[in-house]
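Spelled out, the chains give:
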Amino acid sequence: MKKKFGQYTIKDGLSISFKDEQITLENISGDSYIYRRKHMGKTTSKTIFSSKKGEIKIAIYPVRPIQMPRQLAHNIMIKLDPPVALPPNSHIIHHLTMPIEIGVFTISKKNNYMVDAFSLSFPKYTLYGQPNMGYICRLHYSSISSEEKTMQYEEATIMMKFQNKSPNWATINKIVMDAYEVDLYLDGDAVYLEDSNLVIGEDDVASLFLNNKSPLRGLKEVPVAAETVKKFRRGILERTGFGVTGKFIMEHGY
Amino acid sequence: MNWIETTIPGLNFTAGQLVFALIVIVAGILLGKLAKMTSNKILSSVMSENASNLVQRIIYYSMIIVATLAALSYLGIDFTGALLAGGILGIVIGFATQSVVANLISGIFLQIDKPVSIGDPIGIIDEHLYGVILEINILSTSIRTFDGVNLRIPNEKLFTSKIHNYSKYVARRVVITVGIAYKEDIQKAKDLILKTLNENSLILAEPAPLVYVDELADSSVNFSVRAWAPSTIWFTVRTQVVQQIKNMLDEGGVEIPFPQRVIWQGE
């Protein structure tokens with residue numbers, strides 16, 4: 001199957017499909033193009049931009065699942081089905097999945113701009129913690145497996161190392177992470193979360209570490225800078241702040 | 001004779017005493033500036049710029065006044081008459097500016113206590129006023145009401161009122177009452193309502209939505225529908241979900257009855 005994530009030269013009649021979503025470009029006059037995204041034949045997104053002398057390109061890449069249906073939360077909760085029970089002082093690596101969205105960018109030498117983002121899966125939200133001090137999270141259910149099992153263009157693979165340093169058994173029902181800290185890696189159209197591990201400390205508190213490196217050899221980080229995504233949502237969503245970069249303490253339980 | 005010990009003609013103090021008094025006043029000014037700078041660092045993090053500036057000025061001028069009074073007292077100047085006049089003037093000013101001072105103090109406490117912040121949607125329950133906080137000044141607070149009117153409310157009134165802050169917490173509950181006809185299957189209706197809630201991506205999965213029979217009313221079996229939504233979009237969800245439940249019940253063939261009364265006619 002032809003790879004869909006990547007960069008495209010802007011031209012009249014460009015058309016790319018992801019399940020029921022169809023992206024098209026149409027030249028309306030001179031250097032001006034109209035971008036359309038159709039869902040089940042109905043146009044759901046429309047943007048006009050211009051590209052003088054082909055100086056910009058269109059790029060389509062997976063992005064963190066924080067744009068759709070609106071920018072409500074920057075946290076992801078992955079509910080494990082079934083839960084993982086870890087004996088004291090043990091560790092194990094499992095494959096999980098996390099949701100992704102698809103971002104459409106215009107890219108140039110100077111900067112990038114997110115034209116659109118969409119999700120092929122049904123987004124659902126949940127609360128982690130209490131209403132007075134919790135976090136709204138994008139909810140995702142994931143099964144545990146020893147091999148990769150993802151829905152293409154909807155999910156990314158997480159190769160999570162679970163580590164229990166506590167003297168007690170630990171049952172992990174959910175994993176919560178700050179999507180702003182998440183980096184995605186690509187192998188063709190297969191998407192992976194950066195190297196990550198969940199540690200149950202001696203105090204029975206779970207901490208998630210995102211290690212800012214590829215989970216496997218030979219993967220490439222999604223090339224459109226994360227900054228583009230941040231610019232897209234800046235001013236709309238305020239960070240509530242999870243503290244230390246790359247580390248999330250699951251203070252409301254696991 | 002040393003010039004320091006020379007008595008200034010017409011006055012009861014020496015040149016040395018005068019110089020010392022001037023030093024005390026200058027020291028008071030310098031200390032006032034130092035206190036102003038220090039308080040700026042401390043207060044800027046806990047209150048707005050306006051309130052912080054006001055408190056800094058009060059500290060600065062208080063220190064200058066205290067230093068000046070101390071210096072004049074050292075020179076032997078009698079303040080009894082001035083204090084009496086000042087006291088009477090203070091009482092008069094106090095009465096005249098009672099509400100201003102009350103608003104000022106409330107404004108400072110609003111900055112410290114922070115029951116509301118700029119941008120918060122709030123309701124002042126006793127006054128039946130609802131809107132978004134635009135600006136909190138030292139004497140009054142500006143609110144844009146939901147019908148688009150700018151409202152200025154004195155800080156004392158705001159501070160002493162019962163305030164609902166609708167954005168203080170991340171999630172807020174939507175509560176709806178839905179009535180179905182007595183002839184309908186309660187479990188079926190309940191399942192349809194729950195399906196509607198689960199299919200709305202903006203309704204939170206946890207805390208889980210709750211649907212239960214709340215009342216056997218005159219014309220209908222009433223469900224209480226309780227679901228949580230992110231506070232920022234509570235109103236959107238509230239408006240969506242009522243229509244969605246109605247549509248789902250219609251599609252499922254569940255009747256929402258009109259008020260009805262059974263009339264028995266005697267023979």
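Residues numbered from 1 in each chain as written. Chains lettered and ligands numbered in written order. Predicted model: local features only at pLDDT ≥ 70, side-chain atom pairs only at ≥ 80, totals over all residues.

So, the overall build of chain B
And step 1. Tallying secondary structure elements over chain B gives seven helices and eight strands in all.
And step 2. Over its C-alpha atoms chain B spans a radius of gyration of 33 Å, topping by over 25% the 18 Å that the globule rule assigns to 267 residues.
And step 3. Counting only C-alpha atoms and orienting by the principal axes, one finds that chain B spans roughly 125 × 45 × 25 Å. (Helix = DSSP H or I, 4+ residues; strand = E, 2+ residues; numbered from the N terminus. Rg over C-alpha atoms; globule rule 2.2 N^0.38 Å.)

Things to note about the overall build of chain A
And step 1. Looking only at helices and strands, one finds one helix and 20 strands in chain A.
And step 2. Every one of the 254 residues in chain A was classed for burial, and the buried ones make up 35%.
And step 3. In chain A, 71% of the contacts between residues at least 6 apart in sequence involve partners at least 24 apart. (Buried ≥ 20, exposed ≤ 12 C-beta atoms within 10 Å, placed from the backbone. Contact = placed C-beta atoms within 7 Å.)

Here we look at the interface of chain A and chain B
And step 1. Every contact between the two is made by 14 residues of chain A and, on the other side, twelve residues of chain B.
And step 2. Here the side of chain A that touches chain B gets four residues from one element, more than from any other, and that element is strand 11 (residues 124–128) of chain A.
And step 3. Of the residues belonging to the side of chain A that touches chain B, the class tally is ten nonpolar, three polar and one charged. (Nonpolar A, V, L, I, M, F, W, Y, C, P; charged D, E, K, R; others polar.)

Some words on the sheet that holds strand 1 (residues 6–9) of chain A
The strands that make up a sheet are held in pairs by hydrogen bonds between backbone atoms, and each pair lies either parallel or antiparallel.
Residue and element names in this part refer to chain A.
And step 1. In space, the four strands of this open sheet follow the order 1-6-9-10, with antiparallel pairing throughout. Because the sheet does not close on itself, it has two edges, and the strands there are strand 1 and strand 10 (112–118). Neighbour to neighbour, the strand axes of the sheet diverge by 25° on average, direction disregarded.
And step 2. Pairing analysis gives four bridges linking strand 1 to strand 6 (residues 57–63), with the strands arranged antiparallel. Bridge pairing in strand 6 links glycine 6 to isoleucine 60. (Pairing = 2+ DSSP bridges. Axes fitted to C-alpha atoms, helices over the stretch in contact; angles between N-to-C directions.)

Points about the nonpolar core
And step 1. One finds Ile136 and Cys137 of chain A together with Ile193 and Ala229 of chain B to be the most contacted residues of the largest nonpolar core, which totals 74 residues.
And step 2. Excluding anything up to four places from it in sequence, isoleucine 136 of chain A contacts Leu72, Ala73, Asn75, Tyr125 and Leu127 of chain A together with Val170, Ala171 and Pro230 of chain B. (Core = buried A, V, L, I, M, F, W, Y, C linked by C-beta atoms within 7 Å.)

What to know about the domain arrangement of chain B
And step 1. Taken domain by domain, chain B comprises domain 1 (3–77), domain 2 (113–165) and domain 3 (171–251).
And step 2. The C-alpha-based centres of domain 1 of chain B and domain 2 of chain B are spaced at 39 Å. (Domains from an automatic or database assignment.)

Remarks on helix 3 (residues 80–96) of chain B
And step 1. The first and last C-alpha atoms of helix 3 of chain B sit 24 Å apart over 17 residues, in line with the 24 Å expected at 1.5 Å per residue.
And step 2. Taking burial as the measure, the 17 residues of helix 3 of chain B include zero buried ones, a minor fraction of the element. (Expected span 1.5 Å × (residues − 1).)

A word on the pairing of strand 9 (residues 101–107) of chain A
Residue and element names in this part refer to chain A.
And step 1. The buried count for strand 9 comes to six of seven residues, which makes it a mostly enclosed element.
And step 2. With seven bridges connecting them, strand 6 and strand 9 associate as antiparallel partners. When the sheet's bridge partners are listed, proline 62 is paired in strand 9 with isoleucine 102.
And step 3. In the sheet, strand 9 pairs with strand 10 via six bridges, with the strands oriented antiparallel. Counted as the bridge partner of isoleucine 102 is phenylalanine 118 from strand 10.
And step 4. Linking strand 9 to strand 10, which pair antiparallel, is a turn of four residues.

Notes on unusual backbone geometry
And step 1. In this structure, proline 82 of chain A follows aspartate 81 of chain A across a cis peptide bond, with omega equal to 5°.
And step 2. Looking at where proline 82 of chain A falls in the secondary structure, it is placed in strand 7 (residues 75–86).
And step 3. The amide bond that connects glutamate 206 of chain B to the next residue, proline 207 of chain B, takes the cis arrangement and shows omega of 0°.
And step 4. One can find proline 207 of chain B in the loop between helix 6 (186–199) and strand 7 (210–216).

Overview of the packing of helix 6 of chain B against helix 7 (residues 234–251) of chain B
Residues and elements named next belong to chain B.
And step 1. Running from amino to carboxyl end, helix 6 crosses helix 7 at an angle of 135°, the nearest separation of the two axes being 9 Å. With respect to helix 7, the element helix 6 is oriented oblique. In the crossing of helix 6 with helix 7, the sense of the turn from one axis to the other is right-handed. Only Val241, Gln244, Ile245, Met248 and Leu249 of helix 7 make contact with helix 6, whose side of the interface consists of Ala189, Leu192, Ile193, Lys195, Thr196 and Leu197. (Parallel < 35°, antiparallel > 145°, perpendicular 65-115°, else oblique. Left-handed = near helix turned anticlockwise from the far one by under 90°.)

What to know about the environment of leucine 134 of chain B
And step 1. Considering the arrangement of structural elements, one finds leucine 134 of chain B in strand 2 (residues 129–136).
And step 2. Residue contacts for leucine 134 of chain B: discarding those within four places in its chain leaves Ile118, Ser142, Ile143 and Arg144 of chain B.

A look at the environment of glutamate 21 of chain A
Residues and elements named next belong to chain A.
And step 1. Along the chain, the position of glutamate 21 falls in strand 3 (residues 21–29).
And step 2. Judged by the 19 C-beta atoms lying within 10 Å of it, glutamate 21 is partly exposed.
And step 3. In the structure, glutamate 21 is positioned 112 residues away from methionine 133 in sequence and 37 Å away in space, judged by C-alpha atoms.
And step 4. Glutamate 21 has contacts with Arg37, His39, Phe118 and Leu120, leaving out every residue within four places of it along the chain.

Here we look at the sheet that holds strand 8 (residues 221–230) of chain B
All names here are of chain B.
And step 1. The three strands are arranged 6-8-7 in an open sheet whose pairing can be described as antiparallel. Both outer strands of the open sheet, strand 6 (171–180) and strand 7, are each paired with one neighbouring strand and no more. Here the average twist between neighbouring strands, direction ignored, is 25°.
And step 2. Examined bridge by bridge, strand 6 and strand 8 share ten bridges and lie antiparallel to one another. Residue valine 175 lies in a different strand from strand 8, and its bridge partner there is arginine 226.
And step 3. Its contacts with the sheet put helix 6 on strand 6, strand 7 and strand 8, and the angle it makes with strand 8 is roughly 15°.
And step 4. Contacting strand 6 and strand 8, helix 7 runs over the sheet at an angle of about 20° to strand 6.

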